[in-house]
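Okay, here's what each chain looks like letter by letter:
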Amino acid sequence: MHVQSKTHRAISVIAISLISFVGLELLVYINNLYLTQTYIMVSFYIYFFMLLWLYFIFDLHFKDRDYLDAKTITRTIGRRFKHFAVWENFRYFQNFLILPGLLYWGSIVLIGINFGHLKLQHFIAVTTSLALVVAYSLFKEVFHQKQAPITNSHFVMLTYIKVYASWLVYAGSLGIVWYYCFKPIVFYVVVFLVTLMLLYQALFQFCKITLQNLGLAVLVSLVMALTSFFVYQFWNVNYFSAGLFLMAFYNFLWNILYHLIKKTLNGQVFLEQLTIFILIVVMVFGVTNFKAKIERCVFY
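Residues numbered from 1 in each chain as written. Predicted model: local features only at pLDDT ≥ 70, side-chain atom pairs only at ≥ 80, totals over all residues. Heavy atoms only, no water.

> Just give me the short version of the packing of helix α10 (residues 239-261) against helix α11 (residues 267-286), but keep the residues and values in it.
Packed helices, taken two at a time, are described by the angle between their axes plus the distance between the axes. Taken N-terminus to C-terminus, the directions of α10 and α11 make an angle of 180°; their axes are 9 Å apart at the nearest point. On the basis of the axis angle, α10 is roughly antiparallel to α11. Facing Ser241, Leu244, Phe245, Ala248, Phe249, Phe252, Asn255, Ile256 and His259 of α10, the residues of α11 in contact are Val269, Phe270, Gln273, Leu274, Phe277, Ile280, Val281, Val284 and Phe285. Here the contact of α10 with α11 is built from residues that sort into 14 nonpolar, four polar and no charged. (Axes fitted to C-alpha atoms, helices over the stretch in contact; angles between N-to-C directions. Helix = DSSP H or I, 4+ residues; strand = E, 2+ residues; numbered from the N terminus. Parallel < 35°, antiparallel > 145°, perpendicular 65-115°, else oblique. Contact = heavy atoms within 4.5 Å. Nonpolar A, V, L, I, M, F, W, Y, C, P; charged D, E, K, R; others polar.)

> Before we move on, can you summarise α10 with the specific residues and values?
Counted at 1.5 Å a residue, the expected span for α10 with its 23 residues is 33 Å, and the 32 Å between its end C-alpha atoms agrees. With respect to burial, α10 is a largely interior element, 21 of its 23 residues being buried. Immediately downstream of α10, the backbone of Lys263 shows phi near 60°, a positive value. (Expected span 1.5 Å × (residues − 1). Buried < 20%, exposed > 50% of the residue type's maximum accessible area, 1.4 Å probe, protein only.)

> So what about a nonpolar patch on the surface? Which residues, and what values?
On the surface, a cluster of nonpolar side chains totalling about 710 Å² of accessible area is made up of Tyr179, Tyr180, Phe182, Ile185, Val186, Val189, Leu193 and Met197. Of all the secondary-structure elements, those providing two or more residues to the nonpolar patch are α7 (152-180) and α8 (184-205). In terms of residue count, the dominant contributor to the nonpolar patch is α8 (five residues). Inspection of the secondary structure puts Leu193 in helix α8. (Patch = residues over 30% accessible without salt bridge, like charges linked within 9 Å, V, L, I, M, F, W, Y side chains within 5 Å. Areas by Shrake-Rupley, 256 points an atom, 1.4 Å probe, with all protein chains shown as cover. Salt bridge = Lys/Arg side-chain N within 4 Å of Asp/Glu carboxyl O.)

> Summarise unusual backbone geometry; cite the residues concerned and give the values.
Comment: phi is negative for the bulk of residues other than glycine, and the bulk of peptide bonds are trans. Despite not being glycine, Tyr34 has its phi angle at roughly 60°, a positive value. Positive phi, normally seen in glycine, also occurs at Lys263, with a value near 60°. By the element assignment, Lys263 lies in the loop between α10 and α11. Assessed through its relative accessible area of 77%, Lys263 is described here as exposed.

> Provide a residue-level description of the packing of α7 against α8, including the pertinent values.
Contact geometry for α7 and α8: axes closest at 9 Å, N-to-C directions at 170°. Relative to α8, the element α7 lies roughly antiparallel. Contacts between α7 and α8 pair Phe155, Leu158, Lys162, Ser166, Val169, Tyr170, Ser173, Leu174 and Val177 from the former with Pro184, Val186, Phe187, Val190, Val191, Val194, Thr195, Leu198, Gln201, Ala202 and Gln205 from the latter. Of the residues assigned to the contact of α7 with α8, the class counts are 14 nonpolar, five polar and one charged.

Here you go:
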């Protein structure tokens, strides 16, 4: 059984590695051929395979075996998929769709709007592939253990991956708003929704979903949306550093919220998190030339 478990882990890692790494590198190649429609279409195909693989991992650990004893095809199919018809199981599964989706689509946007910047595109493709492999591997362990809340080590690793995912989406959403001249409300709404989804997933994973905690998550998301307003107004062409600033602020607010919920928030913890945030902000401001401006779209 132990050998079989190791084999399953190896197969899982190899499969998601191939899907994510080969898929993202293929998209880098397609993007630089300036095949926009093909790029979008293939992006959806690859994401579909990622969904299928996550469902396969979930199904492997949650399905019932009684469908093998069914006497008719209808009953076999019904018993085979009945575990997925249970609301708690479906809710559990859809919660784990959030992180891979943000990682993937954030990368798709950044790769797509950086046509010709091969080193940057390959960096995003490789880094996101590694993040997806780690996330899927941890998800497999979580599904196998069927424990809630998830173990502290898994939770910490997923938290770091979420921080990276937040940077991808924050930077990508600002970049695409500038690149395609969308209304700034698109950027604000994306920041709000992404922050809320990440916080909801975290609350779900350590079993702290209450009305009060959800209210706090909404409040933090609103603060992030308000911050994104000022970022849009005063930042310059460097949407990567803008994403880093928002990522740092999200990480600061998340850690404060986490310790507040766990009732471990005190002056020392607050100062530690504030110091980390200030250090990141100093580095971000150090590489950002705020005098450089671009022509902005004007909306009335």
